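If you want the building blocks of each chain, they are given just below.
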Amino acid sequence: MIQDPWHFTRRDLAARTLTLLTSGPARALTLFAPRRTGKTEFLLKDLGPLAEAEGHRVIYASFWQQPLSPLAVLLHALETSLQRGRFGDRVRSTALALAPKLKLSATAAGAAGEAEIDLSSLGGKPPGDLLLYLDELLGRASHRRGITILMLDEVQELARGEDNAPLVAALRTSLDKRSDQLKTVFTGSSQYGLAAMFAARQAPFFHFATPINLPALGEPFVDHLLETCRRTTHRTQDRGAMLAAFQALHVNPYFFRLLVETMILDPALTVERALEQVRYRIADELGYRDMWLQLTPVQRAVTGALAQGIDKPFSQAARDGMGAQLDGDGRAPSSSRVQAALRRLRRLGLANADSGGWRLADPEFAAWIREHGAPRTDPENPRRGDSPQ
């Protein structure tokens, strides 16, 4: 893979993670971090290349917003891994062209001769013969001297539909059988989705993997981008102002790179003005207004409360505060209605809960809600309501 000069290498973290997998007791890891905080970049540019350099086979598959079924994604990743070539080259070629037709490298389910399947046709519940073939591919991928590292990105997507249950069960069985030669890194950006697969007692991967968090980036990351910017543009940025902007963007590396990009494109911008433009771009690209409009009035009231830092929106005081926003009569929503709204927000990936209470998953979305004002109910259409403009 071509070296990205803007990439901030986390070699120490990659080395510790790889040691935990290859020399420690862990057979699998679950790596949680919110979206756009560098999980995929860490896998593809730090952990994967390091593992390959130390002689391990590395396989990567992402389930995020894939047009194909999870089984199709896995089959393609495994077949590709059996081909010659470096890890980075395989990842890049897969991203450029995921062919709908896949030629199987071995006979599946007793079929005579060479077989070919249409990956786009693998919707619904996965066929039993292809689940057996998946197990065979995992066996072939792990049948070598080194350890095989299987990296499954945004794996919470497997928990979204009942049709995936047979695949998840088959995957658990296959990985169990090869826990010495095949180590897995599961990543996820949804605590709720990961819990559905790993934390609940009835979850298919209950107690299968060791949970770890992706540490937030700090000043060294900012310094790396500022130095790269200086070498690229021969201009020096105000470090103090850029550190303040990084904090204003919730120490999000993706958002901060947008800020640096904006200032490179328009050198006349101050940091403050560039920050305004980036926040507007973030809201537009991530669809904050559309997300807001898709919520019911109760869900918007609860979201507004979370944006204000109210971590127990089902309390009487919080519900009283929401009352003026609903139906125009000042009545507070019931605790059950608020709890239902919270469950919906969690399923949508907009809110999370932990021992400290509830909060919005995206702090920039929370900032956008605070900036554009509290939600109001439209008397002509109480189901929709007004939205921040």
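These figures come from a predicted structure and were not determined experimentally.

Comments concerning the overall build of the protein chain
Link 1 in the chain: Helix and strand counts for the protein chain come out as 16 helices and nine strands.
Link 2 in the chain: Taking all 389 residues of the protein chain together, the buried fraction comes to 48%.
Link 3 in the chain: If you take every contact in the protein chain between residues at least 6 apart in sequence, the share linking residues at least 24 apart comes to 70%.
Link 4 in the chain: Accessible surface computed for the protein chain: about 19,200 Å², of which carbon and sulfur atoms make up 50%.

Looking at the nonpolar core
Link 1 in the chain: The biggest cluster of nonpolar side chains holds 51 residues, and the ones touching the most others in it are Met 242, Phe 256, Leu 259, Ile 282, Tyr 288, Val 302 and Leu 306.
Link 2 in the chain: Ignoring anything within four residues of it in the chain, the contact list for Leu 259 reads Met 242, Ala 245, Leu 249, Val 271, Ala 274, Leu 275 and Val 278.
Link 3 in the chain: Among the nonpolar cores identified, the runner-up in size contains 43 residues, and Ala 28, Leu 74, Leu 78 and Leu 130 belong to it.

A look at the pattern of salt bridges
Link 1 in the chain: One pass over the structure, following the stated rule, counts 20 salt bridges.
Link 2 in the chain: A salt bridge links Asp 135 to Lys 177, with the nearest nitrogen and oxygen atoms 3.1 Å apart. Separated by 42 residues along the polypeptide, Asp 135 in helix H5 (residues 128–142) and Lys 177 in helix H6 (residues 165–177) bring together distant segments of the chain.
Link 3 in the chain: With a relative accessible area of 18%, Asp 135 lands in the buried category.
Link 4 in the chain: It is possible to trace a salt-bridge network through shared partners that takes in Asp 4, Glu 41, Lys 45 and Arg 257.

Some thoughts on the confidence of the model for the protein chain
Link 1 in the chain: For the protein chain, per-residue confidence averages 87 on the pLDDT scale, and residues scoring 70 or more make up 90% of the total.
Link 2 in the chain: Taken as a whole, residues 109–113 scores under 50 in pLDDT and shows three contacts with residues more than four places along the chain or in a different chain.
Link 3 in the chain: pLDDT under 50 marks residues 375–389. Its contacts with residues more than four places away, or in other chains, come to 32 contacts.

Focus on helix H13 (residues 297–307)
Link 1 in the chain: For H13, a buried count of eleven out of eleven residues is recorded, marking the element as mostly surrounded by other parts of the structure.
Link 2 in the chain: Residues Pro 297, Val 298, Gln 299, Arg 300, Ala 301, Val 302, Thr 303, Gly 304, Ala 305, Leu 306 and Ala 307 constitute the buried set of H13.
Link 3 in the chain: Check the buried side of H13 and you find it contacts helix H12 (288–293), helix H14 (316–323), helix H15 (335–347), strand S8 (351–354), strand S9 (357–360) and helix H16 (363–371).
Link 4 in the chain: Looking one or two places after H13, you find Gly 309, whose phi comes out positive at around 90°.

Side note on helix H2 (residues 39–53)
Link 1 in the chain: The first and last C-alpha atoms of H2 sit 20 Å apart over 15 residues, in line with the 21 Å expected at 1.5 Å per residue.
Link 2 in the chain: The sharpest bend along H2 comes to roughly 30°, located at Leu 47, with the proline Pro 49 sitting one to four residues further on.
Link 3 in the chain: Residues Lys 39, Phe 42, Leu 43, Leu 44, Asp 46, Leu 47, Gly 48, Leu 50 and Ala 51 constitute the buried set of H2.

A few points about the environment of Arg 347
Link 1 in the chain: Mapping Arg 347 onto the fold places it in helix H15.
Link 2 in the chain: For Arg 347, a relative accessible area of 40% corresponds to the partly exposed category.
Link 3 in the chain: On a C-alpha basis, the gap between Arg 347 and Arg 160 in space is 9.2 Å, while along the polypeptide they are 187 residues apart.

Thoughts on the packing of helix H1 (residues 11–22) against H2
Link 1 in the chain: Where H1 contacts H2, the axes come no closer than 9 Å and their chain directions differ by 55°. By the angle class used here, H1 and H2 are oblique. Relative to H2, H1 is oriented so that their crossing is right-handed. Of H2, the residues touching H1 (which contributes Arg 11, Leu 13, Ala 14, Ala 15, Thr 17 and Leu 18) are Phe 42, Asp 46, Leu 47, Leu 50 and Ala 51.
Link 2 in the chain: In terms of residue class, the contact of H1 with H2 is made up of eight nonpolar, one polar and two charged.

Considering the packing of aromatic side chains
Link 1 in the chain: For the coordinates displayed, the defined rule picks out 13 aromatic pairs.
Link 2 in the chain: Within the aromatic cluster, the residues linked to one another by ring pairs are Phe 8, Phe 221, Phe 246 and Phe 256.

Some points on the sheet that holds strand S5 (residues 148–153)
The strands that make up a sheet pair up through hydrogen bonds in the backbone, lying either parallel or antiparallel.
Link 1 in the chain: Read across the open sheet, the five strands follow the order S2-S5-S6-S1-S7; overall the sheet is parallel. Edge positions in the sheet fall to strand S2 (57–62) and strand S7 (210–213), since each has one partner strand and no second. Averaged over all pairs of adjacent strands, the angle between strand axes in this sheet comes to 20°, irrespective of strand direction.
Link 2 in the chain: Of the strand pairs in this sheet, S2 and S5 are connected by six bridges, and their pairing is parallel. In the sheet register, Ile 59 faces S5, and the bridge partner there is Leu 150.

Cut-offs and rules
Residues numbered from 1 in each chain as written. Predicted model: local features only at pLDDT ≥ 70, side-chain atom pairs only at ≥ 80, totals over all residues. Heavy atoms only, no water. Helix = DSSP H or I, 4+ residues; strand = E, 2+ residues; numbered from the N terminus. Buried < 20%, exposed > 50% of the residue type's maximum accessible area, 1.4 Å probe, protein only. Contact = heavy atoms within 4.5 Å. Areas by Shrake-Rupley, 256 points an atom, 1.4 Å probe, with all protein chains shown as cover. Core = buried A, V, L, I, M, F, W, Y, C linked by side-chain atoms within 4.5 Å. Salt bridge = Lys/Arg side-chain N within 4 Å of Asp/Glu carboxyl O. pLDDT = per-residue confidence, 0-100. Expected span 1.5 Å × (residues − 1). Bend = angle between axes of the 7 residues up to and from the residue. Axes fitted to C-alpha atoms, helices over the stretch in contact; angles between N-to-C directions. Parallel < 35°, antiparallel > 145°, perpendicular 65-115°, else oblique. Left-handed = near helix turned anticlockwise from the far one by under 90°. Nonpolar A, V, L, I, M, F, W, Y, C, P; charged D, E, K, R; others polar. Phe/Tyr/Trp six-rings, centres within 6.5 Å; stacked < 30°, edge-to-face > 60°. Pairing = 2+ DSSP bridges.

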